[in-house]
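In case you want the letters, here they are:
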Amino acid sequence: MFIANQNFNRLPESYLFSDVARKIKDFREANPESKVIRMDIGDVSLPLPECVVEAMSRAAAEMGQSASFHGYGPEQGYHFLREAVAETDYRSRGIKGISADDIFISDGAKSDLANLGDIFGSGVRPAVVTPAYPVYIDSNVLAGRGGIPENGRWSGISFLPARPESAFLPPLPHRGVTADVIYLCYPNNPTGTVLSLDKLQKWVDYALANKSLIIYDSAYEAYISTPGIPHSIYEAEGADKCAIEVRSFSKTAGFTGVRCGYTVVPRSLEFTFIDGTKASLNRIWCRRQCTKFNGVGYVVQRAAEALYTPEGREAIRRNVAYYMDNAALLRSALLGIGADVVGGVDAPYVWFRPKSELDSWQLFDRLLHRAAISSTPGVGFGKEGDGWLRLTGFNTAALTSEACSRLSHINDIF
Ligand code: MLT
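These remarks concern the structure in this document. (Residues numbered from 1 in each chain as written. Predicted model: local features only at pLDDT ≥ 70, side-chain atom pairs only at ≥ 80, totals over all residues. Heavy atoms only, no water.)

## What to know about the site of the ligand
Surrounding the ligand, one finds F17, I41, G42, Y133, N189, Y220, K251, Y349 and R390. In this structure, an oxygen atom belonging to the ligand sits 2.7 Å away from a side-chain N or O atom of R390. Protein chains bury 86% of the 270 Å² of accessible surface belonging to the ligand in isolation. Its residues assigned to classes, the shell around the ligand comprises 5 nonpolar, 2 polar and 2 charged. (Near = heavy atom within 4 Å. Polar contact = N/O pair within 3.5 Å; in protein donor to acceptor, adjacent residues only side chain to side chain. Areas by Shrake-Rupley, 256 points an atom, 1.4 Å probe, with all protein chains shown as cover. Nonpolar A, V, L, I, M, F, W, Y, C, P; charged D, E, K, R; others polar.)

And the structure:
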C-alpha cells in the first residue's frame, strides 16, 4: 500500500509565493480594470542580455548538427562553465583555493538549497535565521526534520530570530542551541540586510568550533555596492572547511526562466559519517548529483558562460544598476511616508513597516486592494516578519515610479 509523505500534510497547504499569486489572480478576476504592479516574487523584468541570446542561438545550432550535438553532459556541469565561475567569481577576486572541481552547475539556487538536505545525516538539526526564504524550512520539514509545529515554529529546527531592534542582524546561536547546519543568506532575502566581514567571520568561527556546516545563499551578491562587504563566504578565513555557497544567475542576468546557478562544495570540506569515517562533502554531493540529476542543458550552460565575457559582465552591471535605481526609488518613497525601511541599498529587496497596527496579510490586502500593488507579506518569511512587507526592485523603472506615486498616498492605503 502506498502512503504519501505525511510531512506534506503538516506544511501550510501552499508555498508562500503560490499563495500570493493566487490572491493576485483572484483580485485581478474580481477587478479586471485594475492595473496591478507586481512587486511580490523577485522575478526580473529586463530581457536576456544580447550576448546570452547569441550564445544560446549558437549552442542551439550546434545541437542541430550531428558533428556538434551534445547528449548527456557531465552531472557536475561542463568544464568551460565551471572554470569560468572559479576564475571570475573566486580566483580573480582574491579567493584562493576554489577551483572548477569545487563548482557544481545547477538549475538554480532554489533546487540546490532544498536538495542539499540529501547529504545531511539522520539526527542533524538545522538552524535558520528568520525571517528567511521559505525553502530552508519547508525542505527540512518535508525531509522529516521539522518535528512538531508549535506557534509558528518547528520543534526540530533551531530558530535564530533576527529582529527589527537589532536591525535584522542575525544572532549567533546561544549556548545550548543546537545548530548542526546553519542557513545564512546575505545579502538577505527578505530584509535586504548585509553582513560585514567581521560578523561573517564570527559565524565561520562558530561553525568551525562546533563542527557545523553553513549553507550560504549568496544569490544576491552582485547587488552589493558598499565597499568592504563580503561577496562570498570564502572571504572569511576557514570557510572552505565549513561552508557550501549557493549562487544563481536568475537575478543578475534574467535567468529566472532559463534556470541556471551553481553550488560551491570545496574539496577541503570534510565531515564524518555516523560510523566515524571521513566524508568529503564534495564527493558525496557529486554522488548525489550523479544519482538524481542529469546536469543542466548544454544550451543553458553556454548561455551562462556568455555572462563571463566582457559583454556579459557589462550586461550584469547594467541590470544591477537598473534594479538598484528602482530599489532606491522605493526606499525614498517609503521613507517619505514615514515607514520603517530596511534594505534596498546592497540588495534589490526593500523591507518596510508602515505606521499601522495591521498584520502582514492585512497590509498585503490593503496594498493590493487600495493601490493595486502586490507585495510579499513579511510573516511569510517567519513570525518576526509580521507587520512588515517586502517589495522588489525588479519591476520596470516606469512601473516602479508609478508604484512610488501610488505609495505616496499611503494614508489612504493603510
Ligand atoms: C523571492 O522572491 O524571494 C525569490 O524570487 C524566490 C526565488 O528565487 O525562488
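## Examining the packing of aromatic side chains
The geometry of an aromatic ring pair is captured by two quantities: the separation of the ring centres and the angle between the planes. Tallied over the full model, the rule gives 22 aromatic pairs. Where F80 meets Y298, the ring centres are 6.2 Å apart and the plane angle is 90°; that geometry is what we call edge-to-face. Residue F80 is found in helix α3 (residues 79–90), and its partner Y298 is found in helix α9 (residues 298–305); the two are separated by 218 residues along the sequence. Grouping residues by exposure puts F80 and Y298 together as buried. Put simply, the rings of Y15, F17, F168, W351, F381 and W388 touch in pairs and so form one group of aromatic residues. (Phe/Tyr/Trp six-rings, centres within 6.5 Å; stacked < 30°, edge-to-face > 60°. Helix = DSSP H or I, 4+ residues; strand = E, 2+ residues; numbered from the N terminus. Buried < 20%, exposed > 50% of the residue type's maximum accessible area, 1.4 Å probe, protein only.)

## What about the side chain of D40?
Turning to its location among the elements, D40 is positioned in the loop between β1 (37–38) and α2 (50–63). Looking at D40, the relative accessible area reads 1%, which means it is buried. In this view, D40 contacts V20, I24, S374, S375, T376, R390 and T392; residues no more than four positions away in its chain are not counted. (Contact = heavy atoms within 4.5 Å.)

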